[in-house]
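# Fold and geometry: a report
Given next are the chains, with one letter for each unit.
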Amino acid sequence: MKKKWLGLLGMTLVASMVLTACGANKDEATDETGAAESTKDKVSIMLDWYPNAVHSNIYVAKEKGYFDDEGVEVEIHMPSDANDPLKLAAADKVDIASSYQTQLLLSRSEGIPIQAIASNVQRPLDQMMLKKDSEIASPKDLEGQTVGYSSSEVREAIVKAMVKNDGGDPEKVSFVDVGFDLIPAIATDRVSAIMGGYINHELPLLEKEGYPIKQFLQEDYGVPTSQELVFVASEKTVKNKQAALEKFLRAVKRGQEEVVKNPEASLKVLLDHANEDSPLDPEIEKKSLETLLPLMGDEAEPYGYQSEEQYQALIDWMVEQSLIDDSVKAKESFVNILK
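Residues numbered from 1 in each chain as written. Predicted model: local features only at pLDDT ≥ 70, side-chain atom pairs only at ≥ 80, totals over all residues. Heavy atoms only, no water.

## Describing the overall build of the chain
- The number of helices and strands found in the chain is 16 helices and ten strands.
- A buried classification covers 54% of the 339 residues belonging to the chain.
- Summarising the internal contacts of the chain: among those between residues at least 6 apart in sequence, 81% fall at separations of at least 24.
- As displayed, the chain has an accessible area near 15800 Å², and 48% of this comes from carbon and sulfur atoms. (Helix = DSSP H or I, 4+ residues; strand = E, 2+ residues; numbered from the N terminus. Buried < 20%, exposed > 50% of the residue type's maximum accessible area, 1.4 Å probe, protein only. Contact = heavy atoms within 4.5 Å. Areas by Shrake-Rupley, 256 points an atom, 1.4 Å probe, with all protein chains shown as cover.)

If you want it as structure tokens, here you go:
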């Protein structure tokens, strides 16, 4: 575990130098605006991906002045690599990472001291997808078939569990790591199903390109639900900057309430902040937001909600699948900062 942790710190060096340079530029700009700005708490967040519909609440909070109302100055960073957010949060190079609950638990199993401080998406977005006209009626029918997945031992474990719980033999299923080529893999019939595509992204893209899709939900086949996206901070940051983190989360919660109330206007805010290197398709992002909103909170489980029961069920399953060890404790994996 020590070797993994030292490796993690070493791999953050280049990225942290970049962030330091960016931070210096922003600090200079802040000083020019006067003393009022300097009294604000500063919070940095690294997104899980380029800005898209799931981040609308953050950009709305920024655009509407909700961060200003809370007295917090927020710097938003995008990752150059999918592993950057957790690495940099763990090394205290950013305050918050937008990341995945399963990845959080994998990291804690390696001894990395990070915690979830709130959920952003409370249900899985990563679901098994097949062409609608496929003769595969349920996961057990994947025996003798090939499943394409995107570089994750968790995804392979989910498929195997779904097949087994449906009465099939997971050892008779073949797997191929297709990386980010999930869409061409299923579109060209290289594989019979994919795991790693998101119902708010790959699914609408496939259907727009003329490939009707059906999905098998992991929750329907004995896999405990997971919170797709959570906000994560190091234990040190949670201890030393809890007040600032709470301000950030209160503002984002207001942003989420605004997105729910005015989705079209909120989507425009997001599109105005689209990354030039990753332009957004307004039609896809609209469908994405429609998919996301019911999964981000409701009256029973409001936005940001985290429960020990849900964490424990997922931890137990991941231990059973030999993905993590039993040193991971639910109570230590998250903290509900948002009141």
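So, next bit.
## Quick look at helix α13 (residues 263-272)
- Residues of α13 that are buried: Ser-266, Leu-267, Val-269 and Leu-270. Relative to the axis of α13, the buried residues are bounded by an arc of 155° and lie together on one face. Away from its buried face, by an angle of more than 90 degrees, α13 presents the exposed residues Glu-264, Lys-268 and Asp-272.
- Looking at the buried side of α13, the elements it contacts are α4 (56-63), α12 (242-261) and α14 (282-292). (Arc of directions from axis to C-beta.)

## Observations regarding helix α7 (residues 101-109)
- Burial within α7 is extensive, with eight of its nine residues counted as buried.
- Gln-101, Thr-102, Leu-104, Leu-105, Leu-106, Ser-107, Arg-108 and Ser-109 are the residues of α7 that are buried.
- Looking one or two residues beyond α7, the residue adopting positive phi is Gly-111, at roughly 85°.

## Looking at the sheet that holds strand β4 (residues 114-121)
- The five strands lie next to each other as β2-β1-β3-β10-β4, forming an open sheet whose pairing is mixed. Where the open sheet ends on each side, the last strands, each with one partner, are β2 (72-77) and β4. In this sheet, adjacent strand axes meet at a mean angle of 25° when their direction is disregarded.
- Here three bridges tie strand β3 (residues 96-99) to strand β10 (residues 229-234), and the two strands are oriented antiparallel to one another. Bridge pairing links Ser-99 to Val-230 in β10.
- Together, β1 (41-46), β2, β4 and β10 form the strand contacts of α4, whose direction differs from that of β2 by roughly 135°. (Pairing = 2+ DSSP bridges. Axes fitted to C-alpha atoms, helices over the stretch in contact; angles between N-to-C directions.)

## Here we look at the nonpolar core
- Formed by 57 residues in total, the largest nonpolar core has its most connected members in Phe-67, Ile-117, Phe-231 and Phe-248.
- It is α12 that contributes the most residues to this core, seven residues altogether.
- Each of two domains, domain 1 (41-123 + 227-332) and domain 2 (128-221), supplies a minimum of three residues to this core.
- By size, the runner-up hydrophobic cluster in this structure holds 44 residues, among which are Leu-106, Ile-114, Val-223 and Leu-323. (Core = buried A, V, L, I, M, F, W, Y, C linked by side-chain atoms within 4.5 Å. Domains from an automatic or database assignment.)

## Thoughts on the packing of aromatic side chains
- Counting across every chain of the model gives six aromatic pairs.
- Taking 5.6 Å as the distance between ring centres and 10° as the angle between the ring planes, the aromatic pair formed by Phe-67 and Phe-248 counts as stacked. Placement of the pair is Phe-67 in helix α5 (residues 66-70) and Phe-248 in helix α12, with a sequence separation of 181 residues.
- By relative accessible area, which is 4% here, Phe-67 ends up buried.
- A relative accessible area of 0% means that Phe-248 is categorised as buried.
- Among the aromatic residues, those joined into a ring-pair cluster are Phe-67, Phe-231 and Phe-248. (Phe/Tyr/Trp six-rings, centres within 6.5 Å; stacked < 30°, edge-to-face > 60°.)

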